[in-house]
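# Understanding the architecture of this molecule
Below, each chain spelled out in residue letters.
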Number of protein chains: 2
Amino acid sequence: MSGWETYVRKVEPYVPGEQPKRKVIKLNTNENPYPPSPRVQKVLDGFDAEELRLYPDPEAADLIEAIALEKGLSKDQIFVGVGSDDVLAMSFLTFFGSDKPILFPDITYSFYDVWAELFRIPYVQIPLQKDFRICIEDYKRENGGIVIPNPNAPTGIAESLDAIEEILKTNPDSVVIIDEAYVDFGTKSALALLPKYENLLVVQTFSKSRSLAGSRIGYAMGSPKLISYLNDCKYSFNSYTMDRLTIQIGKASMEDTPYFKEQVDRIVETREWAKEQLRRLGFTFLDSKANFIFASHAKMAAAVIFAALKEKDIYVRYFNKPRIDNFLRITIGTKEEMERLFAALEEILQQA
Amino acid sequence: MSGWETYVRKVEPYVPGEQPKRKVIKLNTNENPYPPSPRVQKVLDGFDAEELRLYPDPEAADLIEAIALEKGLSKDQIFVGVGSDDVLAMSFLTFFGSDKPILFPDITYSFYDVWAELFRIPYVQIPLQKDFRICIEDYKRENGGIVIPNPNAPTGIAESLDAIEEILKTNPDSVVIIDEAYVDFGTKSALALLPKYENLLVVQTFSKSRSLAGSRIGYAMGSPKLISYLNDCKYSFNSYTMDRLTIQIGKASMEDTPYFKEQVDRIVETREWAKEQLRRLGFTFLDSKANFIFASHAKMAAAVIFAALKEKDIYVRYFNKPRIDNFLRITIGTKEEMERLFAALEEILQQA
């Protein structure tokens, strides 16, 4: 190893879900099957490329204002970043400086421990209960911060606002992050608790419910004090994270509430119908409130089904990890995509 | 102070140059006065917003391939990020883990010490010589890494490739970053040294010479080993930093070499003409090889000229810092913008 390598920060990076280049039925990374608001296309059609020669607004005010308006918050309560991953990474860097371990579930978004490792933050992964629910009592111990995804991924299970509040009540000295990437598909947001808890940070994204995974827009909402600390670190990292086009795309999307609601409703409807189909095929699954279902089959191993589906150009997600290695995480696609999935599953399960 | 605030990472953030919302002559943040390649507009005009519902390619392969082709490198020698600030921040985080201080000039891009503070990296700011040149001998001491901007900002002074190579020769155990944000305006790139030095990282940007400050695209070039370490950290921070539109915009721009050269030539021509004008008006200035000139007037304080220009809606940059507080950094605009600047200066200097 060369001398310069000694002090390199060595990490085990997060591995994102596959992005196949061929045309497949893609139910593996929880994208939205519907296009973004037609207003986004209008932004593109009317955009003068000459504008791009100038730096963007470092405050991304147009985007922040649109979010503030939609969420009923003030502008100083909102922080935006390059996807909620960027927002969460910056939050870990900003808020988790204690020597005490931060806490999050053992089965959850697999980026949390990656960020903790990257920033050398001590952490404890709290085992989910047998039924894959979060045990609130487990979060009543000394800690340097807490991250709760609600609903959780890949389980899809949502915790009640009362449960979230109990965590906040018992942890006034920790920053508590509620990661609400999937909240729009049927979970109560912790936003309602913001007026009461200065240490609460709620993180959401445009990637799922707003069909803009390809634009990279995430945001955090919290007390002005929390947001101000987050901004200080962000401005110490990169002043201009949001480019000119993305600011306008995000604004246009956030302003189109009727379209947003319509697409979310369609996905929720398809999800509930998909649950019936899975049941019919002999799957068991957790009660997902997200845009995916985490399902297991009694007669055929998840890894086998996963590979067989891939053969048929249908991509779902499989995690080869303890406790969840017999589950498939299936993103809710269009009704047509799901029909093709179930037809394929029916065929595959005949071998069971 | 609340309990949760104790462990917040507290920093003094970088303050970017003003982005006025009114129409002004904007010569304060080194943007390019010409629009990006017409191919960028074509990307926008032909882009189907529905594509944005899917995550982008985490490897940004289209963009990386275009850069590799233009620079004569292989794909595994290139890293891209959200502006060169993102690339540099990630490089500081990845490479500067030693307890020994990293070295960079005292008068330079004011983000270097901000990143060092953010990541708690020890650093020493090496004073530039009286003539504002870098003294190569000063970089022959124990260190945990080196950052050399070439040409330097805000001075605009370029160092020779021999000088850069001497730093590399004497520092085989440090990662040496050459920040070439302004290299296209007349400095030899350290790219020529890449085959010889595994520890050399060359950072460039689309913001200045490619008129895409508003799109946020920067890139680093180095040995496959260096780039691989950088990617590991990047994938541990945010898998998808480059959005779908930006990848295509950057590709289109990088592929239009004739347009790029034409605009750079125009700016260099205007810069050399501007030097004559400044001389005529009694300014002294450093020999800039960048798209700005760092100038001082014997009879009127820089702060006074700065304020007077602002009154006339002409924005230049003023740094209220030791040794450079009698200088103005003037971005090279179009010939017309510069003519209006000089007319304004002529008027202002009549009060001197």
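Everything quoted here is computed from the prediction, not taken from an experiment.

### Observations regarding the domain arrangement of chain A
Residue and element names in this part refer to chain A.
- If you check the domain split of chain A, you get domain 1 (17-35 + 258-349) and domain 2 (39-255).
- Domain 1 puts 25 residues into the contact, and the matching count from domain 2 is 27 residues.
- Counting the surface lost from both domain 1 and domain 2, the interface buries some 2000 Å², and carbon and sulfur atoms represent 62% of this.
- On the domain 1 side of the contact with domain 2, Phe260, Lys289 and Arg323 bury the most area, a combined 32% of that side's loss.
- Remark: the boundary between domain 1 and domain 2 carries one salt bridge.
- When the shortest N-O distance is used, the salt bridge between arginine 323 and aspartate 106 registers 3.2 Å.

### A short note on unusual backbone geometry
- Geometrically, the link from alanine 153 of chain A to proline 154 of chain A is a cis peptide bond, its omega value of 5° lying close to zero.
- Considering the arrangement of structural elements, one finds proline 154 of chain A in the loop between β5 (146-149) and α5 (161-170).
- Look at the link from asparagine 150 of chain B to proline 151 of chain B: it is a cis peptide, with omega at 0°.
- With respect to the helices, strands and loops of the structure, proline 151 of chain B is situated in the loop between β5 (146-149) and α5 (161-170).
- Here serine 211 of chain B, not a glycine, exhibits a phi torsion of approximately 55°, which is positive.
- Of note, serine 211 of chain B is situated in the loop between β7 (200-205) and β8 (218-222).
- Serine 211 of chain B sits in the buried class, given a relative accessible area of 1%.
- Not every positive phi belongs to a glycine, and arginine 323 of chain B is a case in point at roughly 75°.
- Relative to the helices and strands, arginine 323 of chain B resides in the loop between β12 (317-318) and β13 (328-331).
- Classification of arginine 323 of chain B by relative accessible area gives partly exposed; the value is 37%.

### A look at α5 of chain A
- Turning to α5 of chain A, its buried residues number three or more, namely Leu161, Ala163, Ile164, Glu165, Ile167 and Leu168 of chain A.
- Residues of α5 of chain A that are buried make contact with β5, β6 (176-179) and β7 (200-205) of chain A.

### Quick look at the sheet that holds strand β9 (residues 283-285) of chain A
Residue and element names in this part refer to chain A.
- Here four strands make up an open sheet; going across it, the order is β9-β10-β13-β12 and the pairing antiparallel. Both edges of this open sheet fall to β9 and β12 (317-318), since each of them pairs with a single strand only.
- Both β12 and strand β13 (residues 328-331) contribute to a ladder of two bridges, which runs antiparallel. The partner of tyrosine 318 across the bridge, within β13, is leucine 328.
- Here helix α10 (residues 335-349) sits on the sheet in contact with β9, β10 (292-297) and β13, set at roughly 150° to β13.

Cut-off values and rules
Residues numbered from 1 in each chain as written. Chains lettered and ligands numbered in written order. Predicted model: local features only at pLDDT ≥ 70, side-chain atom pairs only at ≥ 80, totals over all residues. Heavy atoms only, no water. Domains from an automatic or database assignment. Contact = heavy atoms within 4.5 Å. Buried area = accessible area lost by both parts, 1.4 Å probe. Salt bridge = Lys/Arg side-chain N within 4 Å of Asp/Glu carboxyl O. Helix = DSSP H or I, 4+ residues; strand = E, 2+ residues; numbered from the N terminus. Buried < 20%, exposed > 50% of the residue type's maximum accessible area, 1.4 Å probe, protein only. Pairing = 2+ DSSP bridges. Axes fitted to C-alpha atoms, helices over the stretch in contact; angles between N-to-C directions.

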